[in-house]
Amino acid sequence: MAEQQRERGVELDNSQFCCAVCLELLKEPVTIHCGHSYCRSCIEGCWDQEKKKGKYSCPQCRETFNSRPALRRNNMLAEVVEKLKMTSTQQASPSAALACAGPADVACDFCCGTKPKKATMSCLTCLASYCPAHLKPHYSVAVLKTHQLVSATIPLQDKMCTKHNKLMEAYCKTDKSCICYLCTIDEHQTHCMSSATAERATEQKQLIVTQKRVQERFQEREKELNELSQALKNFKSCTQTTVKSCDKIFDELISSIKKRRTLMKQLIKAREKTAVAQAEELQLQLEEEVTKLKRRDADLEELSHTDDDIHFIQTFQSLSTSCESPDLPAGAVVLPQRSIGAVTDRVSELRENMEKLLKDTWPVISATVGAADVVLPPVPKKRNEFLLYCRPLTLDQNSVYRYLSLSQENRRVTREHYEKYYSAHPDRFTNVTQVVSGSVVQRHQQNI
């Protein structure tokens, strides 16, 4: 009876013990008043969403509860679920060991059907590969225990001689190939040969040396990889810092130019106010002078037509005196030598100077950015790789020795038999037949 109950327990469907909310096997199962069971976390999550409504319901039967029910663990259901999980794990383990052979696996030679199991061992005596189930006789039958078993890494067909269809057990050192024992008495008879086991032992020593070298290279490459990762991280961090710094510098330059623009406007307005005030004051004085002179002219004109001699003499004496203001000098209005429009010319010169400075400085900035690397470029080994670093050089006329002659735009030097005339210069070679490149001089001057 107990055996039948165990069999029925194993045949239970997992879906019968799944939570209706998460659709997975119950975790810490609880049973509410209506009889339905859920994971504690699932039902609490549902009721947390219904908290605002003031009523709580069962997700399956929709029975409502006015107050939130207290949840208690269903111990019996929890034990059943745990046993079900253990049973499922035990059933899955054999199937995992007897997995079907894939395209890259060695298939069992004794499995029937279209999907043979994956072979784990090959018998060099039987010349067959076995899955764990069909391999058991080799561990239990006395005759089969003496057979030579190896891991089923490659199909046995790859270990067979294609000419004699025999297992390859020897190694030809002359041809550097694996052969069978019939090959040793056939076309390989005069060759240097050894057993596969002996060759394996020899190459095993080389394998240890190679493995050690690979491990050393692996450690070196791993160290280089870590250094490269750190260098890349530092480069990215430095790039972000540089961008922020350059933004700050350009913002300061723009702010400085804006301040100068505002100051320029203030200066022009202030000068306009002062000059207009002076001109308006002079204008009033001139208008008063014009009025006085106009009145004096009218009085003189009237006097010229009088026939009374005594009145003429007496009046002319008072009219002959100057009526001009002593504070107003003659020629008070002088055309300005410099117009306010000249300021535009000065600002234009400032713009041209700044553009020239930017034009001269920008290639240096661009070259500095282009020269920044995370790692050093590979060392050139071929001519075309060296030519990537080729730069046209010009020779410095101020350093050339007096028996040397420059030509082709100062790019070629020729030894002369006579002394050439060069002006005196502190950089000129006097005792050594040499000339310096112009780029070297420029770098030297920049460093100074």
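Just so it is clear, the structure is predicted and the values come from calculations on it, not from any experiment.

Cut-offs used in this document
- Residues numbered from 1 in each chain as written.
- Predicted model: local features only at pLDDT ≥ 70, side-chain atom pairs only at ≥ 80, totals over all residues.
- Heavy atoms only, no water.
- Axes fitted to C-alpha atoms, helices over the stretch in contact; angles between N-to-C directions.
- Helix = DSSP H or I, 4+ residues; strand = E, 2+ residues; numbered from the N terminus.
- Parallel < 35°, antiparallel > 145°, perpendicular 65-115°, else oblique.
- Left-handed = near helix turned anticlockwise from the far one by under 90°.
- Contact = heavy atoms within 4.5 Å.
- Patch = residues over 30% accessible without salt bridge, like charges linked within 9 Å, V, L, I, M, F, W, Y side chains within 5 Å.
- Areas by Shrake-Rupley, 256 points an atom, 1.4 Å probe, with all protein chains shown as cover.
- Salt bridge = Lys/Arg side-chain N within 4 Å of Asp/Glu carboxyl O.
- Pairing = 2+ DSSP bridges.
- pLDDT = per-residue confidence, 0-100.
- Polar contact = N/O pair within 3.5 Å; in protein donor to acceptor, adjacent residues only side chain to side chain.
- Core = buried A, V, L, I, M, F, W, Y, C linked by side-chain atoms within 4.5 Å.
- Buried < 20%, exposed > 50% of the residue type's maximum accessible area, 1.4 Å probe, protein only.

Moving on: the packing of helix 8 (residues 196-303) against helix 9 (residues 309-319). Two quantities define a packed helix pair, namely the angle between the helix axes and the distance between the axes. Close contact between helix 8 and helix 9 brings their axes to 11 Å; oriented N to C, the two are set at 160°. Comparing their axes, helix 9 and helix 8 come out roughly antiparallel. With respect to the hand of their crossing, helix 8 and helix 9 are arranged in left-handed fashion. Between helix 8 and helix 9, the contacting residues are R296, D299, L300 and L303 on the first element and H311, F312, T315, F316, S318 and L319 on the second.

Looking now at a nonpolar patch on the surface. A grouping of I249, F250, L253, I254, W362, I365 and V369 is seen on the molecular surface, where their side chains present a nonpolar patch of about 710 Å² in accessible area. Those elements giving two or more residues to the nonpolar patch turn out to be helix 8 and helix 10 (342-371). It is helix 8 that provides the largest number of residues to the nonpolar patch, a total of four residues. Secondary-structure assignment places F250 in helix 8.

Spatial ordering of the open sheet is given by 6-5-7, a layout of three strands whose pairing is antiparallel. A strand with exactly one partner marks an edge of an open sheet, and here the two such strands are strand 6 (128-130) and strand 7 (149-151). Averaged over neighbouring strand pairs, the angle between their axes works out to 35° when direction is ignored. Of the strand pairs in this sheet, strand 5 (residues 121-123) and strand 7 are connected by three bridges, and their pairing is antiparallel. From the neighbouring strand, C123 faces strand 7, where its bridge partner is L149.

This part takes up the confidence of the model for the protein. Mean pLDDT over the protein stands at 83; residues scoring 70 or higher make up 89%. This model gives residues 1-10 a pLDDT under 50, and the stretch forms three contacts once residues within four places in sequence are excluded. Throughout residues 444-448 the model reports pLDDT below 50, and contacts reaching past four residues in sequence, or to other chains, amount to zero contacts.

Another aspect to go through is the environment of S318. Turning to its location among the elements, S318 is positioned in helix 9. Within the local environment of S318, its side chain forms a polar contact with the backbone oxygen of T315, the two atoms lying 2.7 Å apart.

This brings us to the nonpolar core. In this structure, C19, L26, I32, Y38, I43, W47 and L71 are the most contacted members of the largest nonpolar core, which totals 17 residues. Elements with a minimum of two residues in this core: strand 2 (37-39), helix 2 (40-49) and helix 3 (75-97). Excluding residues that lie within four positions of it along the chain, I43 makes contacts with V30, I32, Y38, P59 and L71. In terms of nonpolar packing, the next biggest core, distinct from the first, is built from six residues, A170, C172, I179 and C180 among them.

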